[in-house]
Amino acid sequence: MKILVTGGAGFIGSNFIHHILLKYPEHEVVNLDLLTYAGNLENVKRWEGDGRYRFVKGDITDAGTVDPLVAEADAVIHFAAESHVDRSILDPEAFIRTNVIGTYVLLEAARKNGLKRFHHVSTDEVFGSLGQGDAPFDEHTPYDPRSPYSASKASSDHLVRAYHETYGLPVTISNCSNNYGPYHFPEKLIPLAITNLLEGGTVPVYGDGLQVRDWLHVEDHCRAIADILERGTIGETYCIGGNGERPNIWIVKKLLEILGEGEDRIEYVKDRPGHDRRYAIDFSKIRNELGWEPSVDLEEGLRKTVAWYRDNEDWWKRVKSGEYRDYYERQYGK
Ligand code: NAD
Ligand code: DAU
């Protein structure tokens, strides 16, 4: 199968490329990525020169770039997005452009070219915010996005469903909880905390730190997407979660414990505007239909992740200094 991966230089997309090329020797991958601040080709450098892998620098909102790539693909796995809630609050425009228009351009190319399979990677944030005693999100939860990021992702989900209902495009959608693991950009809570602590700094905790997220190791997410691609039902949505509901402050204290640091390294800061209080996922559908469930225990996964950041100091130091952005030119020229 020829798979067009959008956003394959980002956190989850790059982990997905590793997963596919290592596990499925018969698959080929084209990685289409604009290399925004979040795209880092060093994440996938081990595949350079491999006949089953090709990188294309390009924008998913550009039909001229997207069309021929979709035409030669058997499946599109769509990760490319602006993904950071805080940035969407400061400047929503890029979120509307990439997440809404970009998804539309891909869907149009898929429709015109009779693409056999379009998988859309989405988020649990489209469902809004839960109270403490509320039942977890599932595939029937009404949409209630509350940030420009989640509103743009909700919009893209609706477009994907509309292309299935209206044009019969063979789509699947997944809505996943918070991922963590290797190659996670250090603007997000877990990699920011680990790298700040390794550098001798503090961890900013928003508000009271009691907001709850459901953490899933990125390799489990990638395996879920591969399972949906292989055995998922066309037109269906799958909620993916980690059985890993924890308040943010629990995560931060666990990282402090793993790194042997004290609570004086916690810095409580102003809260995120409109901060969603709690996310939780009921993943019974994907477990019952496809036999998927998370395999990485959260504490074990956090230890492995801390070890990865310790072993890959060069990677995150180059990200934090901005040097990673020169990699494309050095490899591919201007
Ligand atoms: P990321 O920010 O790490 O990576 C996004 C990638 O998309 C980058 O490589 C970037 O260069 C690329 N990109 C951005 N705009 C582009 C454009 N216009 N054209 C081509 N490429 C472009 O994001 P991530 O955390 O890996 O998330 C990937 C997907 O998974 C997103 O759709 C996100 O909404 C979804 N998701 C993320 C999480 C999470 O916890 N990180 C959870 C659930 C769902
Ligand atoms: O739920 C899935 C979503 O998870 C994805 O759709 C998003 O792309 C991804 O970024 C993530 O969104 P969050 O906003 O939950 O992730 P973030 O790492 O930014 O924040 C996690 C929690 O930690 C959140 O409650 C905000 C808080 N936080 C975050 C940062 C960056 C802090 O307390 N301090 C921080 O410095």
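Up top you'll find the structure we're talking about.
This section reports on the structure supplied with the text. Here the structure is a predicted model, which is why all the values come from computation and not from measurement.

**Focus: the sheet that holds strand β9 (residues 212-217)**
Pairing between sheet strands relies on hydrogen bonds along the backbone, with the strands arranged either parallel or antiparallel.
Thought 1: Ordered by their spatial adjacency, three strands build an open sheet running β7-β9-β11, and the pairing between neighbours is mixed. Here the strands that pair on one side only, and so sit at the sheet edges, are β7 (178-180) and β11 (245-247). With strand direction ignored, the average angle separating the axes of adjacent strands in the sheet is 50°.
Thought 2: Here β7 pairs with β9 via three bridges, running parallel. Counterpart to Asn-179 in the pairing with β9 is Leu-216.
Thought 3: Along the sheet, helix α7 (residues 218-231) contacts β7 and β9; its crossing angle with β9, the most-contacted strand, is approximately 70°.

**Some remarks on the nonpolar core**
Thought 1: Counting residues in hydrophobic clusters, the biggest one holds 29 residues, and the most contacted among them are Tyr-180, Ile-190, Ile-251, Leu-255, Leu-302 and Trp-315.
Thought 2: Among the secondary structure elements, those contributing two or more residues to this core are α6 (189-198), β8 (203-206), α8 (248-259), α10 (298-311) and α11 (313-321).
Thought 3: Membership of the second largest hydrophobic core comes to 27 residues, among which are Val-5, Phe-55, Ala-226 and Leu-229.

**Brief notes about the sheet that holds strand β5 (residues 117-123)**
Thought 1: With parallel pairing, the seven strands of this open sheet are ordered in space as β3-β2-β1-β4-β5-β6-β10. Either end of the sheet is taken by a strand with one partner, and the two such strands are β3 (53-57) and β10 (237-240). Neighbour-to-neighbour, the strand axes of the sheet open up by a mean angle of 20°, direction not taken into account.
Thought 2: In terms of strand pairing, strand β4 (residues 75-78) meets β5 through four bridges, oriented parallel. If you follow His-78 over to β5, its bridge partner there is His-120.
Thought 3: In this fold helix α5 (residues 148-167) packs onto β5, β6 (171-176) and β10, with an angle of close to 155° to the strand it touches most, β5.
Thought 4: Relative to β5, α7 is tilted by about 150°, and along the sheet it contacts β1 (2-6), β4, β5, β6 and β10.

**What to know about empty space enclosed by the protein**
Thought 1: Counting across every chain of the model gives one cavity of 30 Å³ or more.
Thought 2: There is about 40 Å³ of room inside the largest cavity.
Thought 3: Every residue along the wall of the largest cavity is listed here: Val-85, Glu-125, Ser-147, Arg-213, Arg-272, Pro-273, Gly-274, His-275, Asp-276 and Tyr-279.

**Considering the site of ligand 1**
Thought 1: The immediate surroundings of ligand 1 are formed by 29 residues, with Ile-12, Asp-33, Ser-83, Tyr-149 and Lys-153 found nearest.
Thought 2: One of the side-chain nitrogen or oxygen atoms of Ser-83 is found 2.7 Å away from an oxygen atom of ligand 1.
Thought 3: Within the side chain of Lys-153, a nitrogen or oxygen atom sits 2.6 Å from an oxygen atom of ligand 1.
Thought 4: Burial of ligand 1 by the protein chains amounts to 97% of its free accessible area of 840 Å².
Thought 5: Top contributing element to the shell around ligand 1 by residue count: β5, with three residues.
Thought 6: In the shell around ligand 1, the residues fall into 13 nonpolar, twelve polar and four charged.

**Structural notes on the site of ligand 2**
Thought 1: Near ligand 2 you find 23 residues, and of these Thr-123, Asp-124, Tyr-149, Arg-272 and His-275 are the closest.
Thought 2: A distance of 2.7 Å separates an oxygen atom of ligand 2 from a polar atom in the side chain of Asn-178.
Thought 3: Asn-248 places a side-chain nitrogen or oxygen 2.9 Å from an oxygen atom of ligand 2.
Thought 4: If you list the elements that add at least two residues to the shell around ligand 2, you get α6 and β8.
Thought 5: When residues in the shell around ligand 2 are grouped by element, the largest group, three residues, is from β8.
Thought 6: A class-by-class count of the residues in the shell around ligand 2 yields nine nonpolar, eight polar and six charged.

**Focus on the side chain of Ser-150**
Thought 1: Within the element layout of this structure, Ser-150 appears in helix α5.
Thought 2: Those residues within four positions of Ser-150 in sequence are excluded, and the remaining contacts are Glu-125, Val-126 and Pro-145.

**Description of the packing of aromatic side chains**
Thought 1: Taken as a whole and judged by the stated rule, the model has 17 aromatic pairs.
Thought 2: Seen in terms of ring centroids, Tyr-37 and Phe-185 are 5.3 Å apart; in terms of plane orientation they differ by 85°. Their pairing is edge-to-face. Taken together, the residues Tyr-37 in the loop between β2 (28-33) and β3 and Phe-185 in the loop between β7 and α6 connect sequence positions 148 residues apart. Pair check on accessibility: Tyr-37 and Phe-185 agree, each one buried.
Thought 3: Relative to Tyr-332, the ring of Phe-55 lies with its centre 5.7 Å away and its plane at 55°, an arrangement referred to as tilted. Residue Phe-55 is located in strand β3, and its partner Tyr-332 is located in helix α12 (residues 327-332); the two are separated by 277 residues in the primary sequence.
Thought 4: Looking at Phe-55, the relative accessible area reads 10%, which means it is buried.
Thought 5: By the ring-pair criterion, three or more aromatic residues cluster together here, those being Phe-127, Phe-137, Tyr-143 and Tyr-279.
Thought 6: Above the ring of Tyr-328, the side-chain terminus of Lys-57 is found at 4.9 Å from the ring centroid.
Thought 7: The side chain of Arg-213 reaches across the aromatic face of Tyr-279, ending 4.0 Å from its centre.

**Describing the layout of surface pockets**
Thought 1: The volume enclosed by the second largest pocket comes to roughly 260 Å³.
Thought 2: Glu-42, Lys-45, Tyr-183, Asn-312 and Trp-315 are the residues nearest the centre of the second largest pocket, which is lined by 14 residues in total.
Thought 3: Those elements that provide at least two residues to the lining of the second largest pocket are α1 (11-23), α10 and α11.
Thought 4: A per-class count over the lining of the second largest pocket returns five nonpolar, three polar and six charged.

Parameters at a glance
- Residues numbered from 1 in each chain as written.
- Chains lettered and ligands numbered in written order.
- Predicted model: local features only at pLDDT ≥ 70, side-chain atom pairs only at ≥ 80, totals over all residues.
- Heavy atoms only, no water.
- Pairing = 2+ DSSP bridges.
- Helix = DSSP H or I, 4+ residues; strand = E, 2+ residues; numbered from the N terminus.
- Axes fitted to C-alpha atoms, helices over the stretch in contact; angles between N-to-C directions.
- Contact = heavy atoms within 4.5 Å.
- Core = buried A, V, L, I, M, F, W, Y, C linked by side-chain atoms within 4.5 Å.
- Buried < 20%, exposed > 50% of the residue type's maximum accessible area, 1.4 Å probe, protein only.
- 1 Å grid on protein atoms, 1.4 Å probe; cavity = no way out; pocket = protein on both sides within 12 Å on 5 of 7 lines; lining within 4 Å.
- Points joined across faces, edges and corners; volume = space filled by probe spheres on them.
- Near = heavy atom within 4 Å.
- Polar contact = N/O pair within 3.5 Å; in protein donor to acceptor, adjacent residues only side chain to side chain.
- Areas by Shrake-Rupley, 256 points an atom, 1.4 Å probe, with all protein chains shown as cover.
- Nonpolar A, V, L, I, M, F, W, Y, C, P; charged D, E, K, R; others polar.
- Phe/Tyr/Trp six-rings, centres within 6.5 Å; stacked < 30°, edge-to-face > 60°.
- Lys NZ or Arg CZ within 6 Å of the ring centre and 35° of its normal.

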